Amino acid sequence: MAELNLNDLHDTEFPLPEGLQGNFAITSLSKIYNWSRRNSMWPLLFGLACCAIEMIGTAASRFDFSRFGMEVMRGSPRQSDLMIVSGTVTKKMIVPIVRLYNQMPEPKYVLAMGACASGGGPFKEGYNVVSGVDKYLPVDVYIPGCPPTPQALLNGLIALQLKIDGQSLANKDDVPWYGVGPSEPTPIPILGPDIIDPRQMDLIRRQTELAAKGLPYGVRELPPFQLKRSAPKKALASATTGDTGGGGGVERDAAALEIIKRKRMEALARKKAREAVTA
Amino acid sequence: MTNEVAIEQTQNDVQTLDQAIDYLIKKYPNIVSKDTREGYGGVIVDRNHLIDVATTLRDELGYNYLSSATAVDYMGIAEPDSDMEMVYHAYRLSGGSALVFKTQAPRDNPVIPSLVSVFPATDFQEREAYDLYGIQFEGHPNLKRILLWEGFYGHPMRKDWKEAYYEEEHKPFSSRWPGGYVHRAEERNPYGKNVKYPADFDLSRLTDISEESLYAGLGLGVDVQSLGGEMRTDRLVVNMGPHHPSTHGVFRMVITLNGETIETLEPVMGYLHRNHEKIGERNTYLQNIPFTDRLDYLSSMGNNLGYVLGVEQLMALGSRYIPVPYRAEVIRVLMAELTRIVNHLWSIGFLLNDLGAFFTPMLYANNEREKILDFFEAVAGSRLMCNYMRFGGVFKDLPERIKSVANLVNDRVRDFNTMEYLTDIITERLPRFLDEYEYYLSENEIIKSRCIGVGVLPPDMAIAYGAVGPLLRGSGIPYDVRRAEPYSIYPELDFDIPTGENGDIYDRYLVRMREMRESLRILRQILPRLEATKGQEVWAGGKQGAYSPRIPVGEAYGRVENPKGELGYYIVSAGDPKGTQNPWRYHIRAPSFTNLTCLGPMSKGHKVADVVTVLGSIDIVLGETDR
Ligand code: SF4
């Protein structure tokens, strides 16, 4: 095969030499890269709270997540690709967590396991609890549950694999680590009178200025709820008694439904039009 | 110091609790007085003489085992000069109920003498009270924050301290019930996070002092010492944790080393402090049950039991209390003992992990554990967080069959008769497994050489430090709440309390092994009782009574022998006249927390690698340590 010109190989129509047929598969670089990466996710060996017990249970003999290429749990963040935040994140603990995250080499993923890591969970109102690790770190997959069963964790891990499958080397905006240059480390929170996120310094300064001036601070005024007092039962009652003079809840609801229906139809029409253009 | 010694020390004519109280009052007139508040017991001690009274208690009356020390803030209830209270529970090792003594101080300047010199067991508990309530303990050797960080603003357990997401004093919040339209807490907060800064907060002078006090006095980087003139070693400070695979969670130790030998070890905790008690005081009594699951998350059933026992004590003060039905008690003991096995399997597995048998024994132990978890799931609906017990019983009877599509083993849907399944685990599987486990491990040479003589805790020290559970029994003291102050149906069950002799890691390991066998023995006695009571009621007073219990005014201390040791709930009911009832004080005396007091002394003089095993042999769980 001395006459084989390597450049010809770029041509997808290139006839394969007789002896090599059946030994080639054509795929994209992204795909093969993602395939090898998603099947060798090494999680950081690190448990925070109750959810960690289920994480260990998932790693153990019965559920065994090494079936997904994750058996190598590393104690060092520098050797791991995936941080499973398994439990309640407290203010005292978020400092080391952010530090650990910064020490992980890219590409890296964060998986928030359980209600606590996703949003504070049952302990959300506690004074030392962070309302979800996503207040400080980018999270890729959230797993609901308190604690999520091992099956749920496995499902989350598979979801993460699917996510990795969809990432592209060609699209630099897709994931930061395929771009140029190192990405910025996440600023490490400071333990002051309460936890301080360095990204919010300005906001804190403005609030303290308000406080110094004696203006209201520390609360955000929110619009009151538009409470729909016309519960279906009441509406039904008024309808049956023929009392239309009251709230007229039925009509209003019907009108609202009408609007929703119309909007849906419009959206559908727009979609159809778009498809027609692309086709 | 065994039982006999403890009894000998007692004044001969003072046998019962009442006699002891009378003795105290006679000896200290005007200083000690009976606590006469409605529903309360014990004595109130003038804080200026607290140390004297405590010494008398320990040396003359034999109450030498102090288990719980906690603070209560009676803001708005008690007189302003006595509205901060410290409550201590002291026991005799021969058994019996607690002598509760209290001391009071004004809220705005709470200064109370420290009892560390009399009962070293109060060391961490006083630090906790300082941290959360701001009580100054005079004479405490190391009074600094323990659960929060140095520099934190305020003392959060005080009744007038409001958290960033504060909504109302008590649940159910009016925004959630009955309307159910709420803004999420983050939306109301200008930072979008669970934070709040003091009004006079000056960012420009912000310094992070949370680590400073840890290293103060350690003489960092100063000295090169000579050892016998030949070898010169540096003193080194090593941080282990909070992220470390062998600290069993987010626990941290600051260790000073001389060469490789440990000079000092300071436990640093609070990395999982999730404000259990503050939330618990906003919750209603019933809402707290699922929270107790998350204390010692390996033995949630045991935690449930302690809490419901505490609240039932309070309910029993009222007139409308209906005792727990017999079948419910049987089921409770069944669950508690299964939990003990679950926990010990796990803790022994992890101890071996720490010894270097990386995960193999653990995996075998976990296999058996899963069998029990399946049973829990079938009964309570959840593998770990069972949320199963209720005031006056348990919330559901055992199901006829264990059937679950979620539990696929070899692709076979499980469908078992519950009693057969239980009988099989209790009489066949687990005993066989324990034999096998012991055959391979107990005589293993590596285990013996790493464990025997390491981390020794002498019995007198164990008592002084208030060690509980297998740690205490490993040191040769047969103290078990199930015997010392029996609850549920333990009096009618036949079991032994295994103890060790040398108080080292190996003894603790053996104690746990034998305790599992004792648990199996109890469970074998439970099986016929389960059969005999089939179909009987499991919940006193029907659903209504248990869902909205009327809790009379008073205090209660419910304690159980949890797998890790004595778990106590100190509950104060202020009797809210409005009807929705919330505990005024809800304190958890956690075995893992107090047992850590012994960690420093136990590891002194050993190597770094041994610390890991010493910690593993205490068997801590951080959810309970930090709460
Ligand atoms: S989500 Fe539930 S189980 Fe998980 S850490 Fe939080 S409280 Fe524990």
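Residues numbered from 1 in each chain as written. Chains lettered and ligands numbered in written order. Predicted model: local features only at pLDDT ≥ 70, side-chain atom pairs only at ≥ 80, totals over all residues. Heavy atoms only, no water.

Student: I'd like a description of the overall build of chain B, backed by residues and values.
Tutor: The helix and strand inventory of chain B stands at 22 helices and 18 strands. For chain B, buried positions account for 61% of its 627 residues. Intrachain contacts of chain B at a sequence separation of at least 6 include 69% that bridge at least 24 residues. For chain B, the computed accessible surface area is about 22800 Å², with 51% contributed by carbon and sulfur atoms. (Helix = DSSP H or I, 4+ residues; strand = E, 2+ residues; numbered from the N terminus. Buried < 20%, exposed > 50% of the residue type's maximum accessible area, 1.4 Å probe, protein only. Contact = heavy atoms within 4.5 Å. Areas by Shrake-Rupley, 256 points an atom, 1.4 Å probe, with all protein chains shown as cover.)

Student: So what's going on with the pairing of strand E4 (residues 84-91) of chain B? Residues and values would help.
Tutor: All names here are of chain B. With eight of its eight residues buried, E4 lies for the most part within the structure. The two faces of E4 match: Met84, Met86, Tyr88 and Ala90 on one face and Glu85, Val87, His89 and Tyr91 on the other face are all buried. Pairing between strand E3 (residues 65-73) and E4: eight bridges, direction antiparallel. Residue tyrosine 65 lies in a different strand from E4, and its bridge partner there is tyrosine 91. As paired elements, E4 and strand E5 (residues 99-105) share seven bridges and run antiparallel to each other. Each bridged residue has a counterpart across the sheet, and for valine 87 the counterpart in E5 is lysine 102. (Pairing = 2+ DSSP bridges.)

Student: Describe the site of the ligand, and please don't skip the residues or the numbers.
Tutor: In the vicinity of the ligand, 16 residues are found, and the nearest of them are Cys50, Cys51, Ala115, Cys116 and Cys146 of chain A. Near the ligand, the surrounding residues belong to chains A and B. Looking at the shell around the ligand, the elements with two or more residues in it are helix H2 (50-59) and helix H4 (114-119) of chain A. Top contributing element to the shell around the ligand by residue count: H4 of chain A, with three residues. Classifying every residue of the shell around the ligand by side-chain character gives ten nonpolar, four polar and two charged. (Near = heavy atom within 4 Å. Nonpolar A, V, L, I, M, F, W, Y, C, P; charged D, E, K, R; others polar.)

Student: Account for the domain arrangement of chain B, with residues named and values stated.
Tutor: Residues and elements named next belong to chain B. In terms of domain boundaries, chain B breaks down into domain 1 (2-138) and domain 2 (276-626). One C-alpha centre belongs to domain 1, the other to domain 2, and the line joining them spans 28 Å. Counting from both sides, the interface comprises 35 residues of domain 1 and, opposite them, 32 residues of domain 2. Of the roughly 2700 Å² buried between domain 1 and domain 2, counting both surfaces, carbon and sulfur atoms make up 61%. (Domains from an automatic or database assignment. Buried area = accessible area lost by both parts, 1.4 Å probe.)

Student: Pulling in residues and values, what's your account of the sheet that holds strand E17 (residues 565-573) of chain B?
Tutor: Residues and elements named next belong to chain B. Strand order across the open sheet formed by three strands is E16-E17-E18, with antiparallel pairing between neighbours. Edge positions in the sheet fall to strand E16 (554-562) and strand E18 (585-589), since each of these pairs with one other strand and no more. In this sheet, neighbouring strand axes are inclined to one another by 10° on average, regardless of whether the strands run parallel or antiparallel. (Axes fitted to C-alpha atoms, helices over the stretch in contact; angles between N-to-C directions.)

Student: How would you explain helix H5 (residues 150-165) of chain A if you had to name every residue and give the values?
Tutor: Residues and elements named next belong to chain A. Taking 1.5 Å as the rise per residue, H5 with 16 residues should run 22 Å; its terminal C-alpha atoms sit 23 Å apart, in good agreement. Within H5 the residues assigned to the buried category are Pro150, Leu153, Leu154, Gly156, Leu157, Leu160, Gln161 and Ile164. Along the axis of H5, the buried residues cluster in a sector spanning 160°; they form a single face. Exposed side chains of H5 directed beyond 90 degrees from the buried face belong to Asn155 and Leu162. At its buried positions, H5 is contacted by helix H1 (29-38), H2, strand E1 (82-86), strand E2 (109-113) and strand E3 (141-143). (Expected span 1.5 Å × (residues − 1). Arc of directions from axis to C-beta.)

Student: Kindly report on the packing of aromatic side chains, identifying the contributing residues and their values.
Tutor: Counting across every chain of the model gives 22 aromatic pairs over all chains. Note on phenylalanine 375 of chain B and phenylalanine 376 of chain B: the rings are 6.4 Å apart at their centroids and 45° apart in plane angle, and the pair reads as tilted. Residue classification places phenylalanine 375 of chain B among the buried residues on the basis of a relative accessible area of 0%. For the pair tyrosine 439 of chain B and tyrosine 440 of chain B, a centre-to-centre distance of 5.1 Å together with 75° between the ring planes defines the contact as edge-to-face. Note on accessibility: tyrosine 439 of chain B and tyrosine 440 of chain B belong to one class, exposed. In this structure an aromatic cluster arises from ring pairing among Tyr127 of chain A together with Trp149, Phe152 and Trp161 of chain B. Over the ring of tyrosine 74 of chain B we find arginine 37 of chain B; its NZ or CZ atom is 5.4 Å from the centre of that ring. The side chain of arginine 559 of chain B reaches across the aromatic face of tyrosine 91 of chain B, ending 3.6 Å from its centre. (Phe/Tyr/Trp six-rings, centres within 6.5 Å; stacked < 30°, edge-to-face > 60°. Lys NZ or Arg CZ within 6 Å of the ring centre and 35° of its normal.)

Student: For the interface of chain B and chain A, give the residues involved together with the corresponding values.
Tutor: The interface is formed by 73 residues belonging to chain B together with 64 residues belonging to chain A. Roughly 6400 Å² of surface becomes buried between chain B and chain A when both sides are summed, with 63% attributable to carbon and sulfur atoms. Measuring nitrogen to oxygen at the nearest pair gives 3.8 Å for the salt bridge that ties glutamate 186 of chain B to lysine 135 of chain A. The tally of links between chain B and chain A comes to 21 residue pairs in polar contact (both at pLDDT 80 or more). For the side of chain B that touches chain A, the leading source of residues is helix H11 (residues 360-380) of chain B, giving six residues. When its residues are assigned to classes, the side of chain B that touches chain A shows 42 nonpolar, 16 polar and 15 charged. (Salt bridge = Lys/Arg side-chain N within 4 Å of Asp/Glu carboxyl O. Polar contact = N/O pair within 3.5 Å; in protein donor to acceptor, adjacent residues only side chain to side chain.)

Student: Which residues make up the pattern of salt bridges, and what are the values?
Tutor: Evaluated as defined, the whole model comprises 52 salt bridges over all chains. Close ionic contact of aspartate 202 of chain A with arginine 205 of chain A constitutes a salt bridge, the shortest N to O distance being 3.4 Å. With aspartate 202 of chain A and arginine 205 of chain A both in helix H6 (residues 201-212) and three residues apart, the pair spans about one turn of that helix. The closest approach of N and O atoms between arginine 627 of chain B and glutamate 277 of chain B, which form a salt bridge, is 3.2 Å. Here arginine 627 of chain B, found in the segment after helix H22 (622-626), pairs with glutamate 277 of chain B, found in helix H7 (residues 276-282); they are 350 residues apart in sequence, far enough to count as distant.

Student: Could you give me a rundown of a nonpolar patch on the surface, with the residues and numbers involved?
Tutor: There is a patch of nonpolar side chains on the surface, built from Leu29, Ile32, Tyr33 and Trp35 of chain A and spanning about 460 Å² of accessible area. You can see tryptophan 35 of chain A is positioned in helix H1. (Patch = residues over 30% accessible without salt bridge, like charges linked within 9 Å, V, L, I, M, F, W, Y side chains within 5 Å.)

Student: I'd like a description of the sheet that holds E2 of chain A, backed by residues and values.
Tutor: Residues and elements named next belong to chain A. Ordered in space as E1-E2-E3, the three strands form an open sheet in which the pairing is parallel. If you trace the sheet from one side to the other, it starts and ends with E1 and E3, each paired once. On average, adjacent strands in this sheet sit at an angle of 15° to one another, irrespective of strand direction. Pairing analysis gives three bridges linking E2 to E3, with the strands arranged parallel. Each bridged residue has a counterpart across the sheet, and for alanine 112 the counterpart in E3 is tyrosine 142. Sheet contacts for H2: E1 and E2; angle to E1, the most-contacted strand, approximately 130°.

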